[in-house]
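So the chains spell out like this:
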Amino acid sequence: MISDDYIMGFVEGEGCFSMAISRVVDRKPRKTKQKNIRKNPDIGFSIKPSFRVTAASDEVRVLDKFKEKFGFGQVYYRARKNVSKNTRNASDYVVQTFADLLKIKEFFQDKEFYTTKGESFHLWSECLKIMETGNHRTKEGLLEICRLRDQMNFRLGGKHSRKTEMIKKILELKPEHIEVHAKQQKLIHNNKNSILDKWYEKRQGCHKIPEIKENTSEQPLLQENRQ
């Protein structure tokens, strides 16, 4: 079994403490309550922390030692499109379960880092503390995690790695379809006005749908004048 010093050296070179934040948009109503379960429905964002160690595929036995040492996590093979003499296929040891991530945090919190990886670990640990209390489901907690995440990763700005300023603007907008139908028993596309009324009342900033009344009055038919 590999030693703690070996793990520290390998993680400082090829390890990654990440905090992924992605937008959750539920555009499709569900038929059953079991399928309606979603995390963070109120704020519309999902937070997924992870711990990752990367190695070349022909060195995958090292990652197996990591899994043997910690007793959890998975090893994945990652094929690259363009493989040359200078690039090889890679494999990753990944931990994503929150309970296991707390064990990773406990393992590294007393260790001494010699690179900037230590700063990323401490910021990552602060994010886990916020998630432990459940405050990540609030707007303030989400933005605090975003600010910590921005200090960990400087390559932000894409669709799946929005900066704090962009996420703050999204939270200030009126949600169009960020809705979880946990208590809804029927589809919103039902023709009954009662179902539609309940749906529109849940949506923030939307008015009640006007009731459509059928026109029962008989209208005279227009006759075409034929020559």
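Everything quoted here is computed from the prediction, not taken from an experiment.

Criteria and thresholds
- Residues numbered from 1 in each chain as written.
- Predicted model: local features only at pLDDT ≥ 70, side-chain atom pairs only at ≥ 80, totals over all residues.
- Heavy atoms only, no water.
- Helix = DSSP H or I, 4+ residues; strand = E, 2+ residues; numbered from the N terminus.
- Buried < 20%, exposed > 50% of the residue type's maximum accessible area, 1.4 Å probe, protein only.
- Contact = heavy atoms within 4.5 Å.
- Areas by Shrake-Rupley, 256 points an atom, 1.4 Å probe, with all protein chains shown as cover.
- Phe/Tyr/Trp six-rings, centres within 6.5 Å; stacked < 30°, edge-to-face > 60°.
- Arc of directions from axis to C-beta.
- Salt bridge = Lys/Arg side-chain N within 4 Å of Asp/Glu carboxyl O.
- Core = buried A, V, L, I, M, F, W, Y, C linked by side-chain atoms within 4.5 Å.
- Pairing = 2+ DSSP bridges.
- Axes fitted to C-alpha atoms, helices over the stretch in contact; angles between N-to-C directions.

Participant: Please provide a residue-by-residue account of the overall build of the chain, values included.
Facilitator: What the chain contains, in helices and strands, is 7 helices and 4 strands. Burial statistics for the chain: of 227 residues in total, 38% are counted as buried. When contacts within the chain are restricted to residue pairs at least 6 apart in sequence, those whose partners lie at least 24 apart make up 63%. Of the roughly 16200 Å² of accessible surface on the chain, 48% is carried by carbon and sulfur atoms.

Participant: An account of the packing of aromatic side chains is requested, with residue identities and associated values reported.
Facilitator: Taken as a whole and assessed by the stated rule, the structure comprises 17 aromatic pairs. Here the aromatic rings of F17 and F108 are separated by 5.6 Å at their centres, their planes lie at 85°, and the arrangement is edge-to-face. Separated by 91 residues along the polypeptide, F17 in strand β1 (residues 15-23) and F108 in helix α3 (residues 98-108) bring together distant segments of the chain. For the pair F17 and F108, a shared accessibility class is recorded, and that class is buried.

Participant: Tell me about the environment of E12, residues and numbers included.
Facilitator: Within the element layout of this structure, E12 appears in helix α1 (residues 4-14). A sequence separation of 101 residues divides E12 from F113, and the C-alpha atoms of the two residues are 7.4 Å apart. When residues no more than four places from it in sequence are discounted, the contact partners of E12 are E112, F113, Y114, T115 and K117.

Participant: Residue-level account of helix α2 (residues 60-70), with values.
Facilitator: When we look at burial in α2, the residues that qualify are V62, L63, F66 and F70. Down the axis of α2, the buried side of the element spans an arc of 100°, and every buried residue falls inside it. Those residues of α2 hidden inside the fold are in contact with α1, β2 (45-56), β3 (74-78), β4 (90-95) and α3. Immediately beyond the C-terminal end of α2, within one or two residues, lies G71, with a positive phi of roughly 85°.

Participant: An account of the pattern of salt bridges is needed here, citing residue identities and associated values.
Facilitator: Evaluation of the coordinates by the stated rule reveals 9 salt bridges. Close ionic contact of E59 with R61 constitutes a salt bridge, the shortest N to O distance being 3.5 Å. Accessibility expressed as a relative area gives 31% for E59, which makes it partly exposed. Here E68 ties to K65 by a salt bridge, and the two come within 3.9 Å at their closest N and O atoms.

Participant: Describe the nonpolar core, listing the residues and the values that go with them.
Facilitator: F51, F66, Y93, I104, F108, W124 and L142 are the most contacted members of the largest nonpolar core, which has 42 residues in total. Among the elements that line this core, the one with the most residues is helix α4 (residues 117-133), at 7 residues. In contact with W124, not counting residues within four places along its chain, are F17, S18, M19, P49, S50, L101, I104, K105 and M152.

Participant: Summarise the sheet that holds β2; cite the residues concerned and give the values.
Facilitator: Taken in spatial order, the 4 strands make up an open sheet running β1-β2-β4-β3, and their pairing is antiparallel. With partners counted over all chains shown, the strands left at the sheet margins are β1 and β3, one partner each. On average, each strand axis in the sheet is inclined to that of its neighbour by 35°, with strand direction left out of account. With 6 bridges connecting them, β2 and β4 associate as antiparallel partners. Counted as the bridge partner of A55 is S91 from β4. Along the sheet face, α1 touches β1 and β2 and points at about 110° away from the line of β2. Those strands touched by α2 are β2, β3 and β4, and its axis lies near 10° from that of β4.

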